[in-house]
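Coordinates in review
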Amino acid sequence: MELSIIFLPLIASIISGFFGKYIGDRNSEIVTSALVSISALLSIFVLYQVIVNQYEENIVIATWINSGSLNVNWSMLIDPLSAVMLVVVTSVSSLVHIYSIGYMSHDPHKPRFMAYLSLFTFAMLMLVTSDNFVQLFFGWEGVGLCSYFLIGFWFKKESANAAAIKAFVVNRVGDFGFALGIFLIFYLFGTVNYSEVFQQIPTVVDKNLLFLGFEIKAIDLICLLLFIGAMGKSAQILLHTWLPDAMEGPTPVSALIHAATMVTAGVFLVVRCSPIYEYSPLILNLITIVGMTTAFFAATVALVQTDIKKIIAYSTCSQLGYMFFAAGVGAYNVAMFHLFTHAFFKALLFLGSGSVIHAFKDEQDINKMGGVWKKLPYTYALMIIGTLALTGFPFLSGFYSKDAIIEFAYLKGNTTGYYAAGIGILTAFLTSIYSWRLIFKTFHGV
């Protein structure tokens, strides 16, 4: 059953990609949506088993690399962290697949689009279920490749091609750091399997390395290199520029990749490697500073954007900043809680904006919209719910996850924690302003 979760999206991608022209557009859409939806239902069952029965398993699919001391398996690690990510990835992906049937109805290349979506889902599942850094890197590069395909899906559009190339190149910067981190882990520990690496961490706490002419603690260097990878994938400040441009892709792509799944891979990496980060207070403080800076900076940019999708894209950058500074103050469980809640309400906002863009014949400038709340009542109601959750309205999911992040930062008790809590509150205020500006301009403006 567990293996079905991973392989159903891959099978869907192969069927739609290679046989789409034989089975037809509608059958491609039905097959991909059905298989990914089954995967989502199985993921929910696995999460239930993990919560109720404390179920944990490491299923070895095959031996991949066996050379000297390097032993790497294709495997599926089921634990609380991967079970949560399975539900996020598959459930948002299944909803996006179903939404795409309507959204892409006028597009001549529907099977190719559905194949890319399913392939992306498979790569993301490989990433979150890996039990070693090499398989993680495979999934990491796989989602990067699929995001390139999906952002540049309308390849006859010059801006879409440029955005796809930019996303690919900026991510390579982060991935280079991440690859160096994996090499360093293997150099120091002789293994890339999580469990073996985490057990050996205390043995290198006092070890120093010469890096670029500087003497630096080995543990700090590992954490820094892994975090550079996370910064690229999760669009943190300095490596954030690709995310707003990626809005050139079809709206379902934005909902799947740039709200719920791929951009959260960096947060997942930091949380997965928390046994390493706990030994490096220096890098944890750096993560907190980068996170709170990104949260505030992206919120200020969102205040003045006029493109409906770019406002939500900068909002995503900002919320990812929240997740990182939660991880930076040691509240890894709260970072994952916000990741889980954010995936759903942000995907809802993206899909709602897609409905609005369709209604306005592909117009994305909110200054040219307005007064359509009676014409689009369902979209209006659902976007209001998404906005309330994003802005932290009481009794909705965003209220609890954001509150917990700010509270944990404050309770950390150090200078960085106090700063993070203060900036977190200020950013929450800015979030409310740009979110309601979007709603009023889009649905009530003149």
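Below or above, wherever it landed, is the structure these notes cover.

The rules we used
- Residues numbered from 1 in each chain as written.
- Predicted model: local features only at pLDDT ≥ 70, side-chain atom pairs only at ≥ 80, totals over all residues.
- Heavy atoms only, no water.
- Axes fitted to C-alpha atoms, helices over the stretch in contact; angles between N-to-C directions.
- Helix = DSSP H or I, 4+ residues; strand = E, 2+ residues; numbered from the N terminus.
- Parallel < 35°, antiparallel > 145°, perpendicular 65-115°, else oblique.
- Contact = heavy atoms within 4.5 Å.
- Buried < 20%, exposed > 50% of the residue type's maximum accessible area, 1.4 Å probe, protein only.
- Phe/Tyr/Trp six-rings, centres within 6.5 Å; stacked < 30°, edge-to-face > 60°.
- Lys NZ or Arg CZ within 6 Å of the ring centre and 35° of its normal.
- Nonpolar A, V, L, I, M, F, W, Y, C, P; charged D, E, K, R; others polar.
- Core = buried A, V, L, I, M, F, W, Y, C linked by side-chain atoms within 4.5 Å.
- Pairing = 2+ DSSP bridges.
- Salt bridge = Lys/Arg side-chain N within 4 Å of Asp/Glu carboxyl O.

1. Digging into the packing of helix H5 (residues 133-151) against helix H6 (residues 158-189)
- Their axes nearest at 9 Å, the elements H5 and H6 cross at an angle of 175 degrees. Classified by the angle their axes make, H5 and H6 are roughly antiparallel. Touching Phe133, Leu136, Phe137, Trp140, Glu141, Gly144, Leu145, Tyr148 and Ile151 of H5 are Ala160, Ala163, Ala164, Ile165, Ala167, Phe168, Arg172, Asp175, Phe178, Ala179, Ile182 and Ile185, all from H6.

2. Digging into unusual backbone geometry
- A positive phi angle, near 85 degrees, is found at Leu238, a position not held by glycine.
- Within the element layout of this structure, Leu238 appears in the loop between helix H8 (218-233) and helix H9 (242-245).
- Residues other than glycine seldom take positive phi values, yet Lys361 does so here, at roughly 55 degrees.
- For Lys361, the position within the fold is in the loop between helix H15 (332-359) and helix H16 (377-390).
- Judged by its relative accessible area of 75%, Lys361 falls in the exposed class.

3. Observations regarding the packing of aromatic side chains
- Following the criterion strictly, the structure yields 22 aromatic pairs and no others.
- Residues Trp74 and Phe138 carry aromatic rings whose centres are separated by 5.0 Å and whose planes lie at 80 degrees to one another, so their mutual orientation is edge-to-face. Taken as a pair, Trp74 in strand S2 (residues 70-78) and Phe138 in helix H5 lie far apart in primary sequence, 64 residues in all.
- Among the aromatic side chains, those forming a connected cluster through ring pairs are Phe113, Tyr116, Tyr148, Phe149, Phe153 and Phe168.
- Residue placement shows Arg172 over the ring face of Phe168; its charged tip is 4.2 Å from the ring centre.

4. Focus on the packing of helix H11 (residues 265-272) against helix H14 (residues 308-328)
- Two elements in contact, H11 and H14, have axes separated by 10 Å at closest approach and are oriented at 5 degrees. For the element pair H11 / H14, the angle class is roughly parallel. Within the contact between the two elements, H11 uses Gly266, Val267 and Val270 and H14 uses Leu320, Met323, Phe324 and Ala327.
- For the contact of H11 with H14, the class distribution of residues is 6 nonpolar, 1 polar and no charged.

5. Quick notes on the nonpolar core
- Counting 156 residues, the largest nonpolar core has Leu127, Phe133, Leu226, Phe227, Trp242, Ile276 and Tyr277 as the members making the most contacts within it.
- Ignoring any residue separated from it by four or fewer positions in sequence, one finds Trp242 in contact with Lys166, Ala167, Val170, Asn171, Gly232, Lys233, Ala235, His258, Met262 and Val263.

6. Here we look at the pairing of strand S4 (residues 214-217)
- Strand direction decides the pairing type here: strand S3 (residues 208-211) and S4, joined by 4 bridges, are antiparallel. Bridge pairing in S4 places Asn208 opposite Lys217.

7. A look at the environment of Lys21
- Note on placement: Lys21 falls in helix H1 (residues 2-23).
- Its relative accessible area of 72% is what places Lys21 among the exposed residues.
- Along the backbone, Lys21 and Pro111 are 90 residues apart, and their C-alpha atoms lie at a distance of 7.5 Å.

8. Concerning the pattern of salt bridges
- Within the structure shown, the criterion is met by 7 salt bridges.
- Across the salt bridge formed by Asp25 and Lys110, the nearest N and O atoms sit 3.6 Å from each other. Taken together, the residues Asp25 in helix H2 (residues 25-53) and Lys110 in helix H4 (residues 110-129) connect sequence positions 85 residues apart.
- Since its relative accessible area comes to 12%, Lys110 is described here as buried.
- The salt bridge partner of Asp245 is Lys166, with a shortest N-O separation of 2.8 Å. Separated by 79 residues along the polypeptide, Asp245 in helix H9 and Lys166 in helix H6 bring together distant segments of the chain.
- Since its relative accessible area comes to 25%, Asp245 is described here as partly exposed.
- Note on Lys166: relative accessible area 30%, which makes it partly exposed.
- Connected through shared salt-bridge partners, Glu141, Arg172 and Asp175 make up one network.

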